[in-house]
Amino acid sequence: MSSTGQPLADEIERDLLMLTTDGIVGRKSAFPREWAESMREDMMTAFWSAIQQPGGAVGRGPRRWYVEIHPEEFGGFVDLVTHPWVVGMCEKTLGKDYQIVEIGFDVPFQGAKYQPWHRDFPSPAETYADRRVTSLAFNLTGVDVTDDMGPFEVALGTQYIDGRAWKHEMFPPKESWQEFQSKAVRKFPQLGDISCRSALTVHRGTAHASPIARPVLVLGVDAPGAGHAELHDLMVTQTYFDALPDSVKEHLVCRVVDALEPVIQKHDIEGLVMGADPE
């Protein structure tokens, strides 16, 4: 770390190497715990609002939902998208003209089951043929994750697998699950930690036995032309947009509206609606 707390260039290069090798990399204590606790409150407030709106929350398995939010509903949005590590990873991976296309969160509650192994969308040729990452997902936990909270499980190094023969080009067949299990690690982030991954790295949520919900924020970022903005509907009010730093405006793909509308979820991953056996 530099004296100003910003990651040095060689740290970004080190983390970029881990991202391109493992498909995921993390940074401990990127934000203060108090900041992360406030983020959790914003997520849960948004959840209880969204769950009452038709299409406001989509199922990602039993007792597990995904909700997209408006940037201005998350008090730490600008802090997140201007964090030097986030900016550095986006620029190095996706280029200077990267696009912020998604802000939302996933939240499992007690009773959530194992998800099937999956990736978040089909792989483009740039990734499976050219081994180039064209989209990133940043995740921030709203709790200190313990083993009974259905920790995120990721199969390292699977972001470059072709996958075109899989169901919806996203779900490997069950007979191949042991291959992913052999590469799997479980993640136990703490408040203030942040991770960066290719959304093509094969992963799953695990069984959640704790009475404590485990919300995790998702920031989706694309290289130009990746096209995932079509799956989302970021919108901000004119007043909020005008107050944003220019460094955020130039990357944010959004509608500027007079008044915010409820977000109708578009990114419904059909294969996650049902739970899965652990093996």
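That block above? That's the structure.
Residues numbered from 1 in each chain as written. Predicted model: local features only at pLDDT ≥ 70, side-chain atom pairs only at ≥ 80, totals over all residues. Heavy atoms only, no water.

Moving on: the overall build of the chain. Each helix and strand counted, the chain has eight helices and twelve strands in total. Expressed as lengths along the three principal axes of its C-alpha atoms, the size of the chain is roughly 50 × 45 × 35 Å. Taken across its 279 residues, the chain has 52% of its residues classed as buried. Of the roughly 12400 Å² that the chain leaves accessible, carbon and sulfur atoms contribute 52%. With 26 positive and 41 negative side-chain charges, the chain shows a separation of 6 Å between the mean positions of the two kinds. (Helix = DSSP H or I, 4+ residues; strand = E, 2+ residues; numbered from the N terminus. Buried < 20%, exposed > 50% of the residue type's maximum accessible area, 1.4 Å probe, protein only. Areas by Shrake-Rupley, 256 points an atom, 1.4 Å probe, with all protein chains shown as cover. Lys, Arg positive; Asp, Glu negative; His and termini not counted. Charge placed at Lys NZ, Arg CZ, Asp CG, Glu CD.)

Moving on, we get to the environment of S247. Along the chain, S247 turns up in helix α8 (residues 246-249). Overall, S247 belongs to the partly exposed group, its relative accessible area being 42%. As for S247 and V78, which are separated by 169 residues in sequence, their C-alpha atoms are 10.0 Å apart.

A word on helix α2 (residues 33-50). In this model α2 runs 25 Å from its N-terminal to its C-terminal C-alpha over 18 residues, within 8% of the 26 Å that 1.5 Å per residue would give. Buried within α2 are the following residues: W35, A36, M39, M43, M44, A46, F47 and A50. Structurally, α2 contributes buried residues whose contacts are with β3 (64-68), α3 (77-81), β4 (99-108), β5 (135-141) and β10 (216-222). (Expected span 1.5 Å × (residues − 1). Contact = heavy atoms within 4.5 Å.)

Looking now at the state of the cysteines. Enumeration over the complete set of coordinates arrives at zero disulfides. Here C90 is not cross-linked by a disulfide; its sulfur's nearest cysteine counterpart is in C196, at 6.8 Å. With no disulfide of its own, C254 has C90 as its nearest cysteine by sulfur position, at a separation of 16 Å. (Disulfide = S-S within 2.5 Å.)

Let's shift gears to the sheet that holds strand β2 (residues 58-59). Taken in spatial order, the seven strands line up as β1-β8-β5-β10-β4-β3-β2 in an open sheet, and their pairing is antiparallel. Only two strands of the sheet have a single partner each, and these edge strands are β1 (24-27) and β2. Pairing of β2 with β3 involves two bridges; the strand directions are antiparallel. Across the sheet, residue V58 finds its bridge partner in β3, namely Y66. Running at roughly 145° to β1, helix α1 (residues 9-22) makes contact with β1, β5 and β8 (194-197) of the sheet. Together, β1, β5, β8 and β10 form the strand contacts of helix α4 (residues 84-94), whose direction differs from that of β5 by roughly 160°. (Pairing = 2+ DSSP bridges. Axes fitted to C-alpha atoms, helices over the stretch in contact; angles between N-to-C directions.)

Here we take up α4. For α4, the full list of buried residues reads W85, V86, G88, M89, C90, T93 and L94. Within two residues after α4, G95 carries a phi angle of roughly 100°, on the positive side.

Any two side chains of opposite charge can pair, on the condition that their charged atoms come close. The full count for this structure, using the stated rule, is 15 salt bridges. Between R33 and D144 there is a salt bridge, and its shortest N-O distance comes to 2.8 Å. Of the two residues, R33 is situated in helix α2 and D144 in the loop between β5 and β6 (153-155); the sequence distance between them amounts to 111 residues. D144 sits in the partly exposed class, given a relative accessible area of 25%. For D233, the salt bridge is made with R255, and the minimal N-O distance between the two is 2.9 Å. With D233 in the loop between β10 and β11 (235-237) and R255 in strand β12 (residues 255-257), this pair connects stretches of sequence that are 22 residues apart. Taking the relative accessible area as the measure of exposure, D233 reaches 21% and is therefore partly exposed. Overall, R255 belongs to the partly exposed group, its relative accessible area being 33%. (Salt bridge = Lys/Arg side-chain N within 4 Å of Asp/Glu carboxyl O.)

Once that is clear, we can look at the sheet that holds strand β9 (residues 203-204). Spatial strand order, β7-β6-β9: three strands in an open sheet with antiparallel pairing. The sheet is open, and its two edges are formed by β7 (184-186) and β9, each paired on a single side. Bridge count for β6 against β9 is two bridges, and the pairing is antiparallel. Opposite E153, over in β9, you have R204 as the bridge partner.

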